[in-house]
Amino acid sequence: MKAMILAAGLGKRMRPLTDHCPKPLLPVAGEPLIGHHLKRLAAVGIRDVVINVSYRADQIVEALGDGTDYGVSIAFSHESQPLETAGGIAKARPLLGEAPFLLISADAFCDIDPATLSLAEGDLAHLVMVNNPPHHPQGDFHLTAAGRVQATGGPRLTYSGIALIDPRLVNELPEPCYPVAPLLRQAMASDRVAGTHHHGEWVDVGTPERLEALNQRLSSGHRSSRP
């Protein structure tokens, strides 16, 4: 299985830290944030990684190289302007192939085991859902007892930014720059999205404050034992 890390964003919520450094390279416990993703992928046997880049792309490419230092093989998908999530996946299709792949947001720090995710016949996505954090109390979607994700209904959970995706999800985009959420909702309406409620470690590293909190925790040795 391949993985795709979304790293093309402008990192606006991280300013001023991202004025001169792309968000994926911000340091966490002496390691670039994206480096933690790469090491965890290597630890669970996922070696082929696609990373989409746009904002300060050269810095990311130079820092990561071909992935050898992290035990993976990296292919970069360059975007002249950020294409949003679905647009980025669509552009990276030649690198991803046609098999389901693991999608990871660069600012989602999580210890989910990818082996626990699977796609039933006809499904287009399997989302990792987590309890609603304080900064997102309303949640995103409803997860049924049968493990199906619905756009409406409650109680609601938060989409972690990690999912197993069938590339067919992005087959028909109305425009090149397009988010993935509307496509997921369409798939949910046809009962083609599964979900897992993850109770382990998860941090949305989306602000300088949450980045520093994670940095302090990992630097002090309080980290998950899972890859």
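Just so we're clear, the structure is a prediction, and the values are computed from it rather than from any experiment.

**Student:** Got a minute to help me understand the packing of aromatic side chains in this structure?
**Tutor:** Two measures describe an aromatic ring pair: the distance that separates the ring centres and the angle between the ring planes. All told, the structure shown has zero aromatic pairs when counted by the stated rule. Against the face of phenylalanine 109 rests arginine 40, its NZ or CZ located 4.3 Å from the ring centre.

**Student:** So what exactly am I meant to see when it comes to the pairing of strand β5 (residues 73-78) here?
**Tutor:** One face of the sheet, then the other: side chains in a regular strand alternate in exactly this way. Pairing of strand β4 (residues 48-53) with β5 involves six bridges; the strand directions are parallel. Within β5, the residue paired with valine 53 across the bridge is histidine 78.

**Student:** Honestly, the environment of alanine 187 in this entry has me stumped. Any pointers?
**Tutor:** Position of alanine 187 among the secondary structure elements: in helix α5 (residues 181-189). C-alpha of alanine 187 to C-alpha of leucine 169: the two residues are 18 residues apart in sequence and 8.0 Å apart in space.

**Student:** Whenever I open this one, empty space enclosed by the protein confuses me. Can you help?
**Tutor:** Gaps left between atoms show up when a probe the size of a water molecule is rolled over them. According to the stated counting rule, one finds one cavity of 30 Å³ or more in the structure shown. Here the largest cavity defines a volume of roughly 150 Å³. As for the largest cavity, its lining consists of 14 residues, of which Arg40, Leu41, Ile104, Cys110 and Ile112 are closest to the centre. Classifying every residue of the lining of the largest cavity gives 11 nonpolar, two polar and one charged.

**Student:** How should I be thinking about the layout of surface pockets in this particular structure?
**Tutor:** Estimated volume of the largest pocket: approximately 1,100 Å³. Leu6, Arg13, Thr85, Ser105 and Asp107 are the residues nearest the centre of the largest pocket, which is lined by 39 residues in total. For the lining of the largest pocket, the secondary structure elements donating two or more residues are α3 (84-91), β6 (101-105), β11 (156-165), α5 and β13 (202-204). By residue class, the composition of the lining of the largest pocket is 19 nonpolar, 11 polar and nine charged. In this structure, the second largest pocket encloses a volume near 290 Å³. As for the second largest pocket, its lining consists of Leu124, Arg168, Leu169, Asn171, Glu172, Pro174, Tyr178, Leu183, Gln186, Ala187, Ser190 and Arg192. Split into classes, the residues belonging to the lining of the second largest pocket amount to six nonpolar, three polar and three charged.

Cut-offs applied
Residues numbered from 1 in each chain as written. Predicted model: local features only at pLDDT ≥ 70, side-chain atom pairs only at ≥ 80, totals over all residues. Heavy atoms only, no water. Phe/Tyr/Trp six-rings, centres within 6.5 Å; stacked < 30°, edge-to-face > 60°. Lys NZ or Arg CZ within 6 Å of the ring centre and 35° of its normal. Pairing = 2+ DSSP bridges. Helix = DSSP H or I, 4+ residues; strand = E, 2+ residues; numbered from the N terminus. 1 Å grid on protein atoms, 1.4 Å probe; cavity = no way out; pocket = protein on both sides within 12 Å on 5 of 7 lines; lining within 4 Å. Points joined across faces, edges and corners; volume = space filled by probe spheres on them. Nonpolar A, V, L, I, M, F, W, Y, C, P; charged D, E, K, R; others polar.

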